[in-house]
Amino acid sequence: CIAMPRELITLQVGQCGNQIGLGFWNAALKEHRQANEEQLYDEALSSFFRNVDLRYDDPKDIPVGDGKGKIRGLKARAILVDMEEGVVKETTNSSLGSLFDQRQFITDVSGSGNNWAHGHEVYGPQYRDALNDTIRRTTEYCDSLQSFMLVHSHPLYYRM
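Residues numbered from 1 in each chain as written. Predicted model: local features only at pLDDT ≥ 70, side-chain atom pairs only at ≥ 80, totals over all residues. Heavy atoms only, no water.

Quick word on the side chain of Asn-18
Here Asn-18 shows up in helix H1 (residues 14-35). Given the relative accessible area of 0%, Asn-18 is considered buried. Aside from chain neighbours lying at most four places away, what touches Asn-18 is Gln-12, Val-13, Leu-80, Val-81, Asp-82, Val-87, Val-88 and Thr-91. (Helix = DSSP H or I, 4+ residues; strand = E, 2+ residues; numbered from the N terminus. Buried < 20%, exposed > 50% of the residue type's maximum accessible area, 1.4 Å probe, protein only. Contact = heavy atoms within 4.5 Å.)

Brief notes about the packing of aromatic side chains
With the rule as written, the count across this model stands at six aromatic pairs. Judged by centre distance (6.4 Å) and plane angle (80°), the rings of Trp-25 and Phe-48 are edge-to-face. Placement of Trp-25 in helix H1 and of Phe-48 in the loop between helix H2 (43-46) and strand E3 (49-53) is noted, with a sequence separation of 23 residues between them. Judged by its relative accessible area of 21%, Phe-48 falls in the partly exposed class. Here a set of aromatic residues connected by ring pairs shows up, and it is made of Phe-24, Trp-25, Phe-48, Phe-49 and Phe-100. Positioned above the aromatic ring of Tyr-141, the side-chain terminus of Arg-50 is 3.5 Å from the ring centre. Over the ring of Tyr-56 we find Lys-60; its NZ or CZ atom is 5.7 Å from the centre of that ring. (Phe/Tyr/Trp six-rings, centres within 6.5 Å; stacked < 30°, edge-to-face > 60°. Lys NZ or Arg CZ within 6 Å of the ring centre and 35° of its normal.)

Description of the pairing of strand E7 (residues 78-82)
With five of five residues buried, E7 is to be regarded as a mostly interior element. The side-chain alternation of E7 yields two buried faces, one formed by Ala-78, Leu-80 and Asp-82 and the other by Ile-79 and Val-81. Pairing geometry for strand E1 (residues 7-13) and E7, over four bridges, is parallel. Bridge assignment links Leu-11 to a residue of E7, and that residue is Ile-79. With three bridges joining them, E7 and strand E8 (residues 105-107) adopt parallel strand pairing. Bridged to Val-81 within E8 is Ile-106. (Pairing = 2+ DSSP bridges.)

Regarding the sheet that holds strand E9 (residues 145-151)
The strand order across the open sheet built from four strands is E8-E7-E1-E9, with neighbouring strands paired in parallel fashion. In this open sheet, the two strands that pair with only one neighbour each are E8 and E9. The mean inter-strand angle of the sheet, taken between neighbouring strand axes irrespective of direction, is 10°. Looking at chain direction, E1 and E9 are connected through six bridges and run parallel. For Ile-9, the partnering residue across the bridge sits in E9 and is Phe-148. Seen against the sheet, H1 touches E1, E7 and E9 and runs at an angle of roughly 140° to E1. Packing of helix H3 (residues 86-93) onto the sheet brings it into contact with E7 and E8, and relative to E7 it is tilted by some 140°. (Axes fitted to C-alpha atoms, helices over the stretch in contact; angles between N-to-C directions.)

Right under this line is the structure:
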């Protein structure tokens, strides 16, 4: 049996990416709650979330199976990146905080001060390995990865 691609990993980068990402997760949960009143862990839900057994420090995945298993504990298929940790902390302190696996956070305390060049030239090389390891670990939780969704802001340059 060939598995159809289904999982999507969200990469939320910077203040804007993480704030929009939080809104996305609110909307995704609301939509799934309305369409899945029995709270079953099915293929649609597995696109964005892992169903995990939270009794372990490293939560163990519970497979989709026949799509009739109950939700035990959801973890978003998300990686949160921000060199100023405030927005990521806001996410973890929100009502959705338990939805995120803190091992999938890449943060620093000083920030880039809205200076993209500093973020690219200083933090990029400094955090490259951590980001690659986090992406690798997150993809290993997928049975059939379909895609990545990158959520971030992009500076606009104006010519006069």
